[in-house]
Structures are given as C-alpha cells and as structure tokens.
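Single-letter residue listing:
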Amino acid sequence: MGAKDLKFNTKTIHGGQQPDAAYGAVMPPIYQTSTYAQSTPGEHKGYEYSRSANPTRTALENALASIEGGNYGLAFGSGLAAIDAVIKLLSPGDEVISTNDLYGGSYRIFKKIFEKFGIIFHFVGMQGVDAIKEKINVNTKLIWVETPTNPMMNIIDIRAVADLVEHTEIILAVDNTFATPYLQLPLHLGADIVMHSATKYLGGHSDTVVGALVVKDKELAERLYFIQNASGAICGPMDSFLVLRGIKTLHVRMQRHCENGRAVAEYLRSNPKIEKVYWPGFVDHPNHEIAKVQMNDFGGMISFVPKGGSYEDAIKIVERLQVFTLAESLGGVESLAGHPASMTHASIPKEEREKSGVVDALIRLSVGIEDVEDLIADLEQAID
Ligand SMILES: *Cc1c(COP(=O)(O)O)cnc(C)c1O
C-alpha cells in the first residue's frame, strides 16, 4: 500500500518515513553536521551541505508533505521565515490580497519589510469572496488566507477562494497553523501553498520555533526550494527532530484540544459575566456552515470578551489565571492565555485592530490537553 493511501492517523506516524539507512534507527538521527564527505568532487550520498539539505530535515519535510496531502515539504527556521520565502516569489509592483484579521507577525512582515520593496498588500475581510474580487487586477499574484483567523476565529471558505483564482496565475496560500491538517487540508480544497508555524500544534510542546511550506506542484516547489537555499532560513536538525516527534501525536493531541475547546467554549458562553465568545463550533457562529464543511472539528482556539470589559479588566483576568499560563504562542499541550491588544497584535495600529474586532478587552485562549474541569475552574476563579 502506497503512503498516499494511508489514512491520516497512520500518516502522522509513518508518512514519508523509513528506518534510517545506516543502522535502522526507527527515529531519524539528529544529523548535527554542516557538511558531508565526498569520495571525489561532486560524488556524495545525496547530501553536500546542510543549508541545501540535511537528512533529519528531509525526514521532517517528507512528513509535512504527507500529512498535508502534498508532494513537497520545506522546513524553515520559523513560520515567518516560511512566509518570507513565499513573498520572495514576487517582484516589485506585484500585489497581494490578504485576510484583514491576520497573525500580527504576518501583517508586520508584509507592511514593514516587503512594502518597501515595492510589493503592494491589500487587507480585506474574506467572509465573502466579493471583497477579494474587487481587489484583483493584472498585478495580483498572491492571495494570502488565514483560517480560522487570529484571534477572531472567522472562517474563510478556502474552496470559494480557490475557485476564484482557478484559471489564473494567482497563487493561493493558506496559513494552516490554527487548524492543522487534522482539521483541514487546504491543498485538497484547491490551495497552492500551505504554510505552518510548526512552532504551534505540529511541534505541539512549546519547545521549538519552526516553519513549513507544503505544495503539490513541482515547479512551485523548485522555486521555493531555490529561495530556501539561496536565502538560507532553514530549520536545524535538532528542531526538525522535535517537530517530527510532535507530528507523531498530532491526531491524539488535536482530538483532545477539540474536546476541551468545546467544553471551555460552552462554559464561557454560559457565564453571565462574559459578553462574547468566538469559536467556530457554535451553530450561530456566522461562518459555522463553512466550518462544518471544510473542517473535521472546531479546534481549541477560543477568544472572548468579558461583559463591560476594559483593557484593565482583561489584564486582571489573564493575570489571575493559574493553570492557563499567560504567554504568547499557542498549540502546545499546556493551556495558554493571551491578550492580543498588548501582545500578539500590539504591532497592528489600534484603529486597524478594532475594525476586525480585536478590542482592548479581548482575551485569547489556546486550550491545552489537561483535565478540562481544572481549566474551567481556573477560568471561573479568574473571571469572578
Ligand atoms: C505563530 C504564527 C505565525 C508565525 O510563526 P513563527 O513560528 O512564530 O515565526 C504565523 N501564523 C500564525 C497563524 C501563527 O500563529
């Protein structure tokens, strides 16, 4: 049976993997080396210099390709390094249409790094494709989608966006960090590139910073590989090993993240001190129908606003939490809480931020895989 026929939970463990050729090690060794012996100039065993390729990184890249249903994986030193490589496909004058409700670091690299190289970014609400259509012109080269969005948990219909660009040269890239391939497969829905901050759910243990791209198309993979090697923002062997190990339990972790996420979302909604809860699993979430079709479950990311909440109220709640750790990031086994307005989204101007709902009192939770009773009790005492 080919690896392509394997089901998802089998792929997370075996996809693209073989026992190591040298001694049969079941987990790929951490090839902590920069270079490789050659028998005569140009004669080597497939590796010559670790920026270009490293066997531990190759094992991770193959695993990434397998779980996302792609043909080629590329691992980078961070999620932002992966995004950087995608934007380097473009030239001055090219235009990008991006989600307006976007990871703060993605917004920052677009606006503060690439705009000065003459690339033009448009930020639009992507709940309907009309807003995207309006911005498309001959210079449009890339559409950047993040779904569920961060931190507002809006859902963008990937297939509808893919249909819009199907017979064009426009590349559709999807940041799949929040959903992971356990919940949604953008390449199957028509995207050209899947991007990950593997720092989050794929790694899953808050112990490394890694980025990834996965594509189906060979020519696109070659162009991205050229950039990866030429710009050099690669993922090291130790970090490759850690993410590989994380991926092997992705499906069991995600299952629990989703179960706990549902329980926490329902608890928050039932709490009269809470004004608003953002989670795509609610049947009255504005994009619930799309979420149901495009995702296998609804994940463990939740945002909420306390009733009559101010900036100070939100700060007080996150300070009081004890099981939830107040920290940047998400997707690890431990529950984290964040305050977007002062943390992840501080680099987005207040006006821009509030347009998409990131008000001062908004709190974002990454619900971990602890006993959910403890998580709910912790929220209860912090909100009281
Ligand atoms: C964290 C994150 C990134 C950036 O990834 P790093 O690994 O921190 O560089 C991009 N997109 C989303 C949705 C993220 O959560």
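Residues numbered from 1 in each chain as written. Predicted model: local features only at pLDDT ≥ 70, side-chain atom pairs only at ≥ 80, totals over all residues. Heavy atoms only, no water.

Participant: Before we go on, may I ask you to explain the domain arrangement of the protein in this structure?
Facilitator: Once the domains are mapped, the protein shows domain 1 (3-247) and domain 2 (250-383). Computed from C-alpha coordinates alone, the two centres of domain 1 and domain 2 are separated by 26 Å. Listed per partner, the contact involves 42 residues of domain 1 and 43 residues of domain 2. Contact between domain 1 and domain 2 buries roughly 3,400 Å² in total, counting both sides, with carbon and sulfur atoms accounting for 63%. Looking only at domain 1, the three residues that lose the most surface to domain 2 are M152, L183 and Y201, adding up to 23% of its buried area. Counting every contact that joins domain 1 to domain 2 gives zero salt bridges. (Domains from an automatic or database assignment. Contact = heavy atoms within 4.5 Å. Buried area = accessible area lost by both parts, 1.4 Å probe. Salt bridge = Lys/Arg side-chain N within 4 Å of Asp/Glu carboxyl O.)

Participant: Could you clarify how one ought to interpret the sheet that holds strand β2 (residues 95-99) in this entry?
Facilitator: With respect to topology, seven strands assemble into an open sheet ordered β1-β7-β6-β5-β4-β2-β3, the strand pairing being mixed. Whereas interior strands pair on both sides, the edge strands pair on one side only; in this sheet they are β1 (72-76) and β3 (120-124). Within this sheet the neighbouring strands show an average axis-to-axis angle of 20°, counted without direction. Contacting β1 and β7 (211-215), helix α2 (residues 55-67) runs over the sheet at an angle of about 125° to β1. The strands touched by helix α4 (residues 104-114) within the sheet are β2, β3, β4 (140-146) and β5 (171-175), with β3 carrying the most contacts at an inclination of about 150°. (Pairing = 2+ DSSP bridges. Helix = DSSP H or I, 4+ residues; strand = E, 2+ residues; numbered from the N terminus. Axes fitted to C-alpha atoms, helices over the stretch in contact; angles between N-to-C directions.)

Participant: In this structure, what is going on with the sheet that holds strand β12 (residues 363-366)? I would like to understand it.
Facilitator: Within a sheet, each strand pairs with its neighbour through backbone hydrogen bonds, oriented either parallel or antiparallel. The five strands lie next to each other as β8-β9-β12-β11-β10, forming an open sheet whose pairing is mixed. Whereas interior strands pair on both sides, the edge strands pair on one side only; in this sheet they are β8 (274-278) and β10 (325-326). Judged from the two bridges that link them, β10 and strand β11 (residues 336-338) form a sheet pairing that is parallel. What sits directly across from L326, in β11, is A337. Relative to the sheet, helix α10 (residues 250-270) contacts β8, β9 (301-306) and β12, its axis offset from that of β9 by approximately 10°. Against the sheet, helix α12 (residues 311-320) touches β9, β10, β11 and β12, its axis set at about 25° to β12.

Participant: What exactly am I supposed to notice about the pattern of salt bridges here?
Facilitator: Counted by the stated rule, this structure contains 14 salt bridges. One salt bridge connects R269 with D284, and the closest N-O pair in it is separated by 3.1 Å. Of the two residues, R269 is situated in helix α10 and D284 in the loop between β8 and α11 (288-294); the sequence distance between them amounts to 15 residues. Taking the relative accessible area as the measure of exposure, R269 reaches 41% and is therefore partly exposed. A relative accessible area of 52% places D284 in the exposed class. The partner of K292 in a salt bridge is E289, and the shortest N-O contact between them spans 3.6 Å. Here E289 and K292 lie together in helix α11, a separation of three residues that amounts to about one turn. In the salt-bridge network here, residues are joined through shared partners; they are K350, R353, E354 and D360. (Buried < 20%, exposed > 50% of the residue type's maximum accessible area, 1.4 Å probe, protein only.)

Participant: What am I meant to see in the pairing of β4 here?
Facilitator: A regular strand carries its side chains on alternate faces of the sheet. Most of β4 sits out of view: six of its seven residues are buried. Where β2 and β4 come together, four bridges link them in parallel fashion. Each bridged residue has a counterpart across the sheet, and for E95 the counterpart in β4 is T140. As judged from the five bridges shared by β4 and β5, these two strands associate in the parallel manner. Pairing of I143 across the sheet is with L172, part of β5. With helix α6 (residues 158-164) bridging β4 and the parallel β5, this β-α-β connection has right-handed handedness. (Right-handed = clockwise from strand over helix to strand, strands pointing away.)

Participant: Could you clarify how one ought to interpret the nonpolar core in this entry?
Facilitator: Nonpolar side chains tend to gather and get buried jointly when the protein is soluble and globular. Membership of the largest hydrophobic core comes to 63 residues, with the highest contact counts inside it found for L60, V264, L268, L365 and L379. Here this core gets seven residues from one element, more than from any other, and that element is α10. Looking at which domains feed residues into this core, each of domain 1 (3-247) and domain 2 (250-383) supplies at least three. Ignoring any residue separated from it by four or fewer positions in sequence, one finds L60 in contact with A75, V210, C235, S240, V243, L244 and I247. Core analysis: the second largest hydrophobic core is formed by 32 residues, A85, L90, I109 and A173 among them. (Core = buried A, V, L, I, M, F, W, Y, C linked by side-chain atoms within 4.5 Å.)

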